[in-house]
Amino acid sequence: QVQLVESGEGLVQAGGSLRLSCTASGRASSSFTMGWFRQAPGKEREFVAAINGLTGNSVYANSVKGRFTISRDNDKNTVYLQTSSLNLEDTAVYYCATSWNIIPPTTTDLYFSWGQGTQVTVSS
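On a predicted model such as this, the values are computed, not experimentally measured, just so you know.

Asks: Can you help me understand the state of the cysteines in this one?
Replies: In protein chemistry, a disulfide is the covalent bond that joins the sulfur atoms of two cysteines. A full pass over the atoms with the stated rule returns one disulfide. Across the disulfide from C22 sits C96; the S-S distance is 1.8 Å. For the disulfide bridge between C22 and C96, the dihedral angle about the S-S bond is near 45°, and by the sign convention the bridge is right-handed. One end of the pair, C22, is in strand 3 (residues 18–26); the other, C96, is in strand 9 (residues 92–99), with 74 residues separating them in the sequence.

Asks: Quick question: what am I supposed to make of the sheet that holds strand 8 (residues 78–83) here?
Replies: Within a beta sheet, neighbouring strands are joined by backbone hydrogen bonds and run either parallel or antiparallel to one another. One open sheet holds the four strands; their spatial order is 1-3-8-7, and the pairing between them is antiparallel. In this open sheet, the two strands that pair with only one neighbour each are strand 1 (2–7) and strand 7 (68–73). Looking at each pair of strands side by side, their axes are set apart by 15° on average, direction ignored. When strand 1 meets strand 3, the two strands line up antiparallel, connected through six bridges. Note that in strand 3 the partner of V5 across the bridge is T23.

Asks: Help me understand the side chain of T118 in this model?
Replies: Positionally, T118 belongs in strand 11 (residues 118–123). Owing to a relative accessible area of 3%, T118 belongs among the buried residues under this scheme. From its side chain, T118 meets the backbone nitrogen of E9 in a polar contact 3.1 Å long.

Asks: Where do I start with the pairing of strand 7 in this structure?
Replies: Along any regular strand the residues' side chains alternate between the sheet's two faces. Of the two faces of strand 7, only the one carrying F68, I70 and R72 is buried; T69, S71 and D73 on the other face are not. Once strand 7 ends, the chain turns through four residues before running back antiparallel as strand 8, passing N77 with a positive phi of about 50°.

Asks: How do you make sense of unusual backbone geometry when you look at a structure like this?
Replies: Most peptide bonds take the trans form, and the phi angle of most residues other than glycine is negative. Look at N77: it is not a glycine, yet its phi comes out positive at around 50°. You can see N77 is positioned in the loop between strand 7 and strand 8. When its relative accessible area of 24% is taken as the criterion, N77 is described as partly exposed. In the Ramachandran plot, S85 falls in the positive-phi region, its phi being about 50° despite a non-glycine side chain. Of note, S85 is situated in the loop between strand 8 and strand 9.

Cut-offs applied
Residues numbered from 1 in each chain as written. Predicted model: local features only at pLDDT ≥ 70, side-chain atom pairs only at ≥ 80, totals over all residues. Heavy atoms only, no water. Disulfide = S-S within 2.5 Å. Helix = DSSP H or I, 4+ residues; strand = E, 2+ residues; numbered from the N terminus. Pairing = 2+ DSSP bridges. Axes fitted to C-alpha atoms, helices over the stretch in contact; angles between N-to-C directions. Buried < 20%, exposed > 50% of the residue type's maximum accessible area, 1.4 Å probe, protein only. Polar contact = N/O pair within 3.5 Å; in protein donor to acceptor, adjacent residues only side chain to side chain.

Here you go:
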C-alpha cells in the first residue's frame, strides 16, 4: 500500500501561482511514476502532469504546458507541481497518484493509489 498526502491548497488571483506537494509513504518507491490530475465541479477527472522517478521523464497536458512544472525529490518521496499564470479554468481539486508505468501514463486507470485531493481556487 502507498499512501499519498497532498498539500498546497489555496485561493489565488488569476495570473498568480501556487506550489502543490504530494508526499508518498508506505510501500513507496522512487521507481514509481507520480502524476497530478484535477477535477472541477461537474467534470471528469483530467490528467495534468506526471513524472517518472527513474528516468525523470515528464509529460504534461496541453492545457498546462508552459505554465506548470512537475518535479520530484526522490529522497523525500515527494512530487511537486509548480503552477503559474493560473486562470479560472484551473480551479479544481488536484489529486496526486502513483503508477507502475515507467512511461508516465495520462489516464486514471493506470494509476493505483490516489491522494485525498487539495483544492485550488483561482479568482478573477
